[in-house]
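Listed here are the chains, written in short residue letters.
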Amino acid sequence: MASGSGAAGEAVSGARLIAESLKAQNIEYMFGIVGIPVTEIAIAAQAVGIKYVGMRNEQAACYAASAVGYLTGRPGVCLVVSGPGFLHALGGMANATMNCWPLIVIGGSSDRNQETMGAFQEFPQVEAGRLYNKLSVRPSSLEVIPAIIEKAVRTSIYGRPGSCYIDIPGDFVNLQVNERSVKYMECCLPPPISTAEHSAVSKAASIIAHSKQPLLIIGKGAAYSHAENNIRKLVDLCGLPFLPTPMAKGVVPDNHPNCVAAARSTALQHADVIVLLGARLNWILHFGLPPRFRHDVKVIQIDICAEELGNNVRPAAILLGDISAVTKQGLALQKSLPMNYYTVFHHIRELIPKDCILVSEGANTMDIGRTMVPNYYPRQRLDAGTFGTMGVGLGFAIAAAMVAKDRTPEKRVICIEGDSAFGFSGMEVETICRYNLPILIIVVNNNGIYTGLDADSWKEMLKFGDPATCVPPVSLLPNSHYEKIMSAFGGKGYFVKTPEELQNALKASVADKQTPSLINVMIDPQSERKKQEFPWLTRSNL
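K.L.:
Report on the overall build of the protein, specifying residues and quantitative values.
P.N.:
A count of helices and strands for the protein gives 20 helices and 21 strands. Here the C-alpha radius of gyration of the protein, 32 Å, is well above what a compact globule of 542 residues would show, namely 24 Å. C-alpha extents for the protein along the principal axes are approximately 95 × 45 × 45 Å. When each of the 542 residues of the protein is scored for burial, the buried share is 52%.

K.L.:
Any chance you could break down the packing of helix α1 (residues 14-24) against helix α2 (residues 39-47) for me, citing the residues and the numbers?
P.N.:
The N-to-C vectors of α1 and α2 enclose an angle of 45 degrees; their axes lie 8 Å apart at closest approach. Between α1 and α2, the angle is such that the two are oblique. For the crossing formed where α1 meets α2, the hand is right-handed. Contacts between α1 and α2 involve A15, R16, I18 and A19 from the former and E40, I41, A44 and A45 from the latter. For the contact of α1 with α2, the class distribution of residues is six nonpolar, no polar and two charged.

K.L.:
A description of the packing of α1 against helix α6 (residues 145-157) should follow, citing residues and the corresponding values.
P.N.:
Two elements in contact, α1 and α6, have axes whose closest approach is 9 Å; the angle formed by their N-to-C orientations is 40 degrees. The angle between α1 and α6 falls in the class oblique. The handedness of the crossing between α1 and α6 is right-handed. Here α1 contributes L17, I18, S21 and L22 to the contact with α6, which in turn contributes I145, P146 and I149. A per-class count over the contact of α1 with α6 returns six nonpolar, one polar and no charged.

K.L.:
Tell me what's going on with the sheet that holds strand β6 (residues 135-137), and back it up with residues and numbers.
P.N.:
Taken in spatial order, the six strands line up as β3-β2-β4-β5-β7-β6 in an open sheet, and their pairing is parallel. In this open sheet, the two strands that pair with only one neighbour each are β3 (51-54) and β6. Here the average twist between neighbouring strands, direction ignored, is 20 degrees. Here β6 runs beside strand β7 (residues 163-169); their pairing, made up of three bridges, is parallel. Within β7, the residue paired with L135 across the bridge is C164. In the packing of helix α3 (residues 58-72) onto the sheet, the strands contacted are β2 (29-32), β4 (76-80) and β5 (103-109), and the crossing angle to β4 comes to about 165 degrees.

The rules behind these values
- Residues numbered from 1 in each chain as written.
- Predicted model: local features only at pLDDT ≥ 70, side-chain atom pairs only at ≥ 80, totals over all residues.
- Heavy atoms only, no water.
- Helix = DSSP H or I, 4+ residues; strand = E, 2+ residues; numbered from the N terminus.
- Rg over C-alpha atoms; globule rule 2.2 N^0.38 Å.
- Buried < 20%, exposed > 50% of the residue type's maximum accessible area, 1.4 Å probe, protein only.
- Axes fitted to C-alpha atoms, helices over the stretch in contact; angles between N-to-C directions.
- Parallel < 35°, antiparallel > 145°, perpendicular 65-115°, else oblique.
- Left-handed = near helix turned anticlockwise from the far one by under 90°.
- Contact = heavy atoms within 4.5 Å.
- Nonpolar A, V, L, I, M, F, W, Y, C, P; charged D, E, K, R; others polar.
- Pairing = 2+ DSSP bridges.

Written out as structure tokens, the structure is:
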């Protein structure tokens, strides 16, 4: 136990006990309006180094103290007088609890020996406070004040943060007690950082990986948790669009290209998967219900409060825990999952030069690339064209590189191929290396035409006999190392499976303006494009 500041056996007042106990809990700020019976508490607080700000209205003082809790993670204190002073602070208590911000309110009240007698400003403050606070308590003696304050501070910051009220009888303020009888308390431990169950994280990551139009909704709980670094990594590595709630703005900068705040209604209506990061499906988010949301939207809910999980919409996955810790779990797992087309094209779009010549072919690869990788200048996109010819990619890329070499030497040629499309003219890699054309080839490899099989599924298929009779016609050999063709002829080859590996390979290849390179990007074999509204051209059910 911590000891008091005075010598053993010294008499200590209630006001001083309150001030020292708050200081022991690392409380830095107090806001309020002094008067009978709390003036001495404010003076004692200043004496131990707590900053006291005298306000003009208890409600504003309570709002200020709660904002300190949000900004620092440590509750501010609101000091109020009895009766009307306490009542004026109720709005601030309710606001803090609803906002999930830690707050300590200390209110003076009637002397103990005058209870029920119609004392000055007598009011049932402890009972009234229970509706607005996580804890509403009146110490039974001076000796227990340090323990009561430690519990109030701990309760305000543990679990879902909120307001706590401590009622101080007027006669306690100047009453003295021998400090040897006082149970001094050390500062409460920081809130425990809880993580979600591994199976829940895996389920959520899988849902995100197989979604077509995922959307992160970032709430102020994520800001309070200081989760910005992990969430920014999640957005960047996985190419996830996000929508911040008002007080979560800045967790990921508003000018980030994945911010969809300008198209809020459209984003909510079309998302097939919603990830709630410390946000609640309350009136601000239309309760998660149609018509603002899709009727079949899958909700992944991450929250520190178990009681919040499942409110208004049944979640597809629930992750109970600290937002920062859980997003770190999800980030680690997301890196190990196969990427999909949209993740790959997000990183390509972000890292290739805007003035490059883009060559693209392949079914899903070309179609998705048309929408996700923009062009900024004319005559800088070459693809299958009017005749829908497969196998044109590397020939087009070689021609573009030759023209660029003579006319615009700094212009890069980037050829994005599906693995099936690459197979039509893959040996032209030797031509590229023979003429030392610094073309960057990106093979988006899903082990097949439209879709393929993973290695385990391929092995299972082979148990049934000859591949010619049992392997689906759309399947290609899993995990083919196309990058080795480039390495064989003197270029640089990269085999990548994660967003981080893709980022690193793209950065290295774009920076090297002299050497041909090929990035073989493995994605989920079952990854597909979004369902098309008019699928006349791609109506195969395979």
